[in-house]
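Working through the structure, step by step
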Amino acid sequence: MEELREDHDDGTVARVAAIDIAKASGMVCLRVPHGTIEGRCVPQVWNVASTTNAILELGDRLVCQGVERVVMEATGSYWRPFFYLLEARGLDRWLVNARDVKNVPGRPKTDKLDAVWLVKLAERGMFRASFVPPMAVRQLRDFTRTRTVFVQERTRHKHRVDKPLQDAQVKLSDVVSDLFACRAGPCSMRWSPANAAPATSPTSPTSPTSPKVA
């Protein structure tokens, strides 16, 4: 008769920490095995400010305690400093969906008890980590999103320039596709206070301020 081997890896974590994150601070709960009593864990709960130095000190403390996993609830954008700075300390971070925590019956409401409840669920492997891209992808995503915002703001300001012209019955946008464009040439073709006073007649085709638009 063939003997079957049972897999005893039930997903539990021996040394785990959880952070209930708020705007200006985070409530940390740490659970580590008891030094003398087998099968018993010692919980520690304390508050950490959401500053760079405080979070880095927290990371050093968790590393010294041999923490295997740090679980934090996705709360707005306040989780980012904790996630990124603890990443610099080499800790395994899990960002969990707040819906997964709320769907478990018996969830307490205070910040301190909420951190204790969070670490208990993490210790038993009852969470599923959310996807957070690596640092290189995050940086590229931030750059592309910032450029998109700048382009949108530039277009919005261009439209604001055209509105007072329309109110003044200056229908320049009816005959010009882009008020801020000029033909290929030096940047001196654009208007500026330095070249506002023409060196020659304003109607002269050789005037440096003679308008040339696309």
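The paragraphs below set out a description of the structure included in this document. (Residues numbered from 1 in each chain as written. Predicted model: local features only at pLDDT ≥ 70, side-chain atom pairs only at ≥ 80, totals over all residues. Heavy atoms only, no water.)

Concerning the pattern of salt bridges
To keep things clear, this is the line we draw: Each salt bridge in this description consists of a side-chain nitrogen of Lys or Arg and a carboxyl oxygen of Asp or Glu lying within 4 Å of one another. Under the DSSP-based scheme used, a helix requires at least four consecutive residues in state H or I and a strand at least two consecutive residues in state E, with every element numbered from the N terminus. Exposure classes here rest on a 1.4 Å probe applied to the protein chains alone. A residue is buried below 20% of its type maximum, exposed above 50%, and partly exposed in between.
Under the definition given, this model contains six salt bridges. Here glutamate 153 and arginine 156 are joined by a salt bridge, their closest N and O atoms 2.5 Å apart. Residue glutamate 153 and its partner arginine 156 are located together in helix 5 (residues 135-167), separated by three residues, close to a single helical turn. Looking at glutamate 153, the relative accessible area reads 33%, which means it is partly exposed. When its relative accessible area of 35% is taken as the criterion, arginine 156 is described as partly exposed. The partner of aspartate 167 in a salt bridge is lysine 163, with the nearest N and O atoms 3.4 Å apart.

Some points on helix 2 (residues 79-88)
For an α-helix the count is 3.6 residues per turn, leaving residues at separations of three or four pointing the same way. What helix 2 keeps buried is the set Trp79, Phe82, Phe83, Leu85 and Leu86. Downstream of helix 2 by a residue or two, glycine 90 has a phi angle that is positive, lying close to 80°.

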